[in-house]
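Understanding the architecture of this molecule
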Amino acid sequence: QAVPGALLPADSDDGAVPSLLLRQDEQLELLERLDFVVRNVAELRKEVEELRHSLQDLAVEIVGEVRTHLEETQRVTRRRKFPFSRERSDSTCSSSIYFTASSGNINTDDGESEGGYTTANAESDYDRESERESEDEVSCDTVRTVRRDSLDLAPEDESPLLLDSSLEEGLGQLLEQADRLHSGDEQDRREGFQLLLNNKLAYAGQREFLWRLARAHCDMWELTEDEDERRSYATGGKEELELALQKWDQSAECHQWFAILCGQVSEQESIPKRIQAGYVFKEHIDKAIALKPQDPQLYYLLGRWCYQVAHLGWLEKRTVSALFEAPPTATVQDALQNFLRVEELSPGFSKAGRVYIAKCYRDLGNASAAVLWMDLAAELPGYTKEDAESERELEEMRSV
């Protein structure tokens, strides 16, 4: 009875009793093998069931920990309130590093200066505060993927739509607070950097968050004196935006802050690398202007680049000509047009911008226009180190 019918021959026509195809010992061996297979299948099914339950428990635990972290982060964000003390333009709040000639007295006769490349940035007297880095840098997309893959494991009273809505609301509040802190004084910008760093786990996959985090790296670069720490801040911000530009090449803010960070990274590099950084700076600023043509900050940055290129010294020009087939070209008139465009879009955008206009007219030989813009620059208050540096240049120009 244990032998399947398929193993038996068909009935003969004469009614003879059919004989088995397999001998009795072969039948017993076959039955033993079938029994072994059945037992193993049952054990495997049991193990699979246990593994499935273990994975479910693990997924529920992960989702719970992620949700707890996000809720705690949002509660902290809502509790922290930072008053907005004053308005500060981006032209003076961020360090603009780019292709630039060395500082010092400029020979207005031939428009050249001796020395290497330096930065046009102001420095701060503050030391860097200790950073609190997250141990696991999990992107917001990863969090949502875990959430999406575990919907059937989540408690019935909680829905992923509620989590997404809460994330979006928290992001809006976070960005608004970060903008206020960036527009504040040195201490505000330090707090803004730490605030964004603390929320990187939740929002690292968001474009608006990433370029603000990169901007905060620029702020910390400006506020830090130690060269190693400055380079670390600039490199960290640049790496954030390298990934962002792969997704959001049409973001003017990503191009703007990537250009600035490239220059910051190259500050302590060799002359060829600083020259290359100048090309990168110009390329990304041009892209940002094409995407956001009404932003005065972009024309201010481009104006400074043009002014510094126009005043490259003999040594710098020879180096550029030897290393690159197409050296960058710009004139004082190009710089002036960009600075005037800033005033056209936003009158009184920055004290430094008006000082640059006065310097351009001075270099072009228009003394009356230079005096006029010196007076206009003196009317604007100064908030940052860059403004203080511009005030000193203004005093030197008046003495001459």
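Residues numbered from 1 in each chain as written. Predicted model: local features only at pLDDT ≥ 70, side-chain atom pairs only at ≥ 80, totals over all residues. Heavy atoms only, no water.

1. Some details on the packing of aromatic side chains
Two aromatic rings, taken as a pair, are described by how far apart their centres are and by the angle between their planes. Counting across every chain of the model gives 5 aromatic pairs. For the pair Phe193 and Tyr233, a centre-to-centre distance of 5.6 Å together with 90° between the ring planes defines the contact as edge-to-face. Taken together, the residues Phe193 in helix α5 (residues 186-198) and Tyr233 in helix α8 (residues 227-247) connect sequence positions 40 residues apart. With respect to burial, Phe193 and Tyr233 carry one shared label: buried. Ring geometry for Tyr307 against Tyr356: centres 5.4 Å apart, planes inclined by 80°, an arrangement best described as edge-to-face. (Phe/Tyr/Trp six-rings, centres within 6.5 Å; stacked < 30°, edge-to-face > 60°. Helix = DSSP H or I, 4+ residues; strand = E, 2+ residues; numbered from the N terminus. Buried < 20%, exposed > 50% of the residue type's maximum accessible area, 1.4 Å probe, protein only.)

2. Concerning the side chain of Glu222
Mapped onto the fold, Glu222 is located in helix α7 (residues 207-223). Residue classification places Glu222 among the buried residues on the basis of a relative accessible area of 3%. Polar side-chain contacts of Glu222 include one of 3.3 Å to the side chain of Arg189. (Polar contact = N/O pair within 3.5 Å; in protein donor to acceptor, adjacent residues only side chain to side chain.)

3. Describing the UniProt feature "coiled-coil region" (unreviewed entry) in the protein chain
As annotated by UniProt and renumbered to match this structure, "coiled-coil region" (unreviewed entry) occupies residues 34-61. Spanning residues 34-61, this segment combines 100% helix with 0% strand, and its end C-alpha atoms are found 41 Å apart. (UniProt positions renumbered as here; feature names shortened; annotations may be inferred.)

4. Remarks on the packing of helix α9 (residues 252-265) against helix α10 (residues 271-291)
Close contact between α9 and α10 brings their axes to 8 Å; oriented N to C, the two are set at 165°. Between α9 and α10, the interaxial angle falls into the category roughly antiparallel. For α9 against α10, the interelement crossing comes out left-handed. Here Ala252, His255, Gln256, Phe258, Ala259, Ile260 and Cys262 of α9 come into contact with α10, specifically with Ala277, Val280, Phe281, His284, Ile285, Lys287, Ala288 and Leu291. Looking at the contact of α9 with α10 residue by residue, the classes come out as 11 nonpolar, 3 polar and 1 charged. (Axes fitted to C-alpha atoms, helices over the stretch in contact; angles between N-to-C directions. Parallel < 35°, antiparallel > 145°, perpendicular 65-115°, else oblique. Left-handed = near helix turned anticlockwise from the far one by under 90°. Contact = heavy atoms within 4.5 Å. Nonpolar A, V, L, I, M, F, W, Y, C, P; charged D, E, K, R; others polar.)

5. With respect to the pattern of salt bridges
A pair can form between side chains of opposite charge whenever their charged atoms are brought close. The final tally for this structure, using the stated rule, is 25 salt bridges. Residue Glu176 is joined to Arg180 by a salt bridge in which the shortest nitrogen-to-oxygen separation is 3.5 Å. Residue Glu176 and its partner Arg180 are both found in helix α4 (residues 160-182); the two are separated by 4 residues, about one turn of the helix. Notably, a salt bridge pairs Glu222 with Arg189, separated by 3.3 Å at the nearest N-O pair. Of this pair, Glu222 sits in helix α7 while Arg189 sits in helix α5, and the two are 33 residues apart along the sequence. Taken together, the shared-partner salt bridges connect Asp179, Arg207, Glu208, Arg212 and Arg215 into one network. (Salt bridge = Lys/Arg side-chain N within 4 Å of Asp/Glu carboxyl O.)

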